[in-house]
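Single-letter residue listing:
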Amino acid sequence: MKLHVAYQGVAGAYSHIASKTLFPDAEYIPCFSFAEAFALVQQEKADLAVIPVENSNAGRVADVHLLLPQTGLSISGEFFLKIEHQLLGLPGSHLEDIKQAFSHPQALAQCSKFLNDHGITPVAESDTAISCEKIKSLQDKSCAAIASALAAETYGLEILASNIENASNNTTRFLVMSPHSQIPEDDGGDFITSFIFRAKNIPASLYKALGGFATNGINITKLESYLLDGKFVSAQFYVEIESHPSRIAFKNALAELEFFSTHVHMLGTYPAHPYRKV
């Protein structure tokens, strides 16, 4: 029985490419939004969701970390995809004709130098591949899309300029979201554990809550804060660490974290992707 994998975007989107790379024999379900992809997994209409969370040059993908704790889903894996952006136009168009480029805001940010150098105005769309549909519908040779080579094939567009991203190491990290928490067995390898917590509203609570990771030799690879309920006095923190819950150091650090927190919610433990060592 085939896996059903949900992703945000349409055919040819980078999330589609990541899904195909991770699960080559699956059925792929395009979704209008991240929330819709999460909902399909929650409703058991999809087995997994593949979601972009950050880019090496453009930073965090908006809204995703805010949605994660609300879904009830668990992170079961991570994947790093090298992003190579192409400028795609209608057949017969040329680079010098292009006045506007349509794409997702992340892709536009990742190609800002090329756009500035060629005097092309960026126009934000909800998805890179949806931008290709826009170009097809406009039938205007002064308009182009920024998307993948797969999108060019899918929508019958021509590549007017290849690999136009600002940096050659342009990489997006994806998370695989599962309906149930399944902590892999600790085989002594490298693992990432993701969780959220709220520090107590007392002086130095954040320092003390995280201090246990330092004293137990656990590396924190990510720490981000989010305001709660629109208030500026309380925050929720998203954290990623290099460790496995079965390890003594992890348990000691977690005990200290819980003592100085009002809420700790584990999002998942999963093998660290080999890209982290590149």
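Structure: see above.
Residues numbered from 1 in each chain as written. Predicted model: local features only at pLDDT ≥ 70, side-chain atom pairs only at ≥ 80, totals over all residues. Heavy atoms only, no water.

> Provide a residue-level description of helix H2 (residues 34–42), including the pertinent values.
Listed as buried for H2 are Phe34, Ala37, Phe38, Ala39, Leu40 and Val41. Just beyond H2, the residue with positive phi is glutamate 44, at close to 60°. (Buried < 20%, exposed > 50% of the residue type's maximum accessible area, 1.4 Å probe, protein only. Helix = DSSP H or I, 4+ residues; strand = E, 2+ residues; numbered from the N terminus.)

> Outline the pattern of salt bridges, supporting the account with residue identities and numerical values.
Going through the model one piece at a time under the given rule, you end up with 11 salt bridges. In this structure, the salt-bridge partner of arginine 173 is glutamate 54, at a minimum N-O distance of 2.9 Å. Of this pair, arginine 173 sits in strand S11 (residues 171–178) while glutamate 54 sits in strand S3 (residues 48–55); the two residues are 119 residues apart in sequence, bridging distant segments of the chain. Residues lysine 222 and glutamate 54 are paired through a salt bridge, measuring 2.7 Å at the closest nitrogen-oxygen approach. Of this pair, lysine 222 sits in strand S13 (residues 220–227) while glutamate 54 sits in strand S3, and the two are 168 residues apart along the sequence. When salt bridges that share partners are traced, they join Glu54, Glu78, Arg173, Lys222, Glu224, Glu240 and Arg276 into one network. (Salt bridge = Lys/Arg side-chain N within 4 Å of Asp/Glu carboxyl O.)

> Would you mind going over the packing of aromatic side chains in detail, with residue names and values included?
Using the criterion set out here, one finds 5 aromatic pairs in the structure. With 6.0 Å between their ring centres and 20° between their planes, phenylalanine 195 and phenylalanine 213 make a pair best called stacked. Of this pair, phenylalanine 195 sits in strand S12 (residues 191–199) while phenylalanine 213 sits in helix H8 (residues 205–215), and the two are 18 residues apart along the sequence. Exposure class is identical for phenylalanine 195 and phenylalanine 213. Each is buried. Here the aromatic rings of phenylalanine 197 and phenylalanine 237 are separated by 5.2 Å at their centres, their planes lie at 20°, and the arrangement is stacked. (Phe/Tyr/Trp six-rings, centres within 6.5 Å; stacked < 30°, edge-to-face > 60°.)

> Break down the environment of aspartate 117 for me, citing the residues and quoting the values.
Position of aspartate 117 relative to the elements: it lies in helix H5 (residues 112–117). By relative accessible area, aspartate 117 is classed as exposed at 52%. In this structure, the C-alpha to C-alpha distance between aspartate 117 and isoleucine 159, residues 42 residues apart in sequence, is 18 Å.

> Could you give me a rundown of the sheet that holds S13, with the residues and numbers involved?
As summarised here, the arrangement of the 4 strands in space is S13-S14-S12-S15, forming an open sheet in which the pairing is antiparallel. Only two strands of the sheet have a single partner each, and these edge strands are S13 and strand S15 (261–271). On average, each strand axis in the sheet is inclined to that of its neighbour by 15°, with strand direction left out of account. The pairing of S13 with strand S14 (residues 235–241) spans 7 bridges and is classified as antiparallel. Considered in S14, the bridge of leucine 223 is made with valine 239. H8 contacts S12, S13, S14 and S15 of the sheet and is inclined by roughly 155° relative to S12. (Pairing = 2+ DSSP bridges. Axes fitted to C-alpha atoms, helices over the stretch in contact; angles between N-to-C directions. Contact = heavy atoms within 4.5 Å.)

> So, the pairing of S14: which residues are in play, and what are the values?
Every other side chain in a regular strand lies on the same face of the sheet, so the side chains alternate between the two faces. Across the 7 residues that make up S14, a large majority, 6, are buried. Pairing of S12 with S14 involves 5 bridges; the strand directions are antiparallel. Bridged to serine 194 within S14 is glutamate 240.

> Tell me about the side chain of glutamate 78, residues and numbers included.
Mapped onto the elements of the fold, glutamate 78 is located in strand S5 (residues 74–82). Within the local environment of glutamate 78, its side chain forms a polar contact with the side chain of arginine 173, the two groups lying 2.8 Å apart. A distance of 2.7 Å separates a polar atom in the side chain of glutamate 78 from a polar atom in the side chain of arginine 276. Not counting chain neighbours up to four residues away, the residues in contact with glutamate 78 comprise Arg173, Phe174, Leu175, Ile192, Tyr270, Pro271, Ala272, His273 and Arg276. (Polar contact = N/O pair within 3.5 Å; in protein donor to acceptor, adjacent residues only side chain to side chain.)

> Any details on the nonpolar core? Residues and values, ideally.
Ranked by internal contacts, the top residues of the largest apolar core, which has 23 residues, are Leu175, Met177 and Tyr238. Among the secondary structure elements, those contributing two or more residues to this core are H2, S3, S11, S12 and S15. Among the nonpolar cores identified, the runner-up in size contains 16 residues, and Val10, Ile135, Ala145 and Ala151 belong to it. (Core = buried A, V, L, I, M, F, W, Y, C linked by side-chain atoms within 4.5 Å.)

> Could you give an account of unusual backbone geometry, with specific residues and numbers?
Despite not being glycine, glutamate 44 shows a phi value in the positive range, around 60°. Residue glutamate 44 is classed as exposed on the basis of its relative accessible area of 66%. Phi is positive for alanine 204, which is not a glycine, with a value near 65°. Position of alanine 204 relative to the elements: it lies in the loop between S12 and H8. Assessed through its relative accessible area of 41%, alanine 204 is described here as partly exposed.

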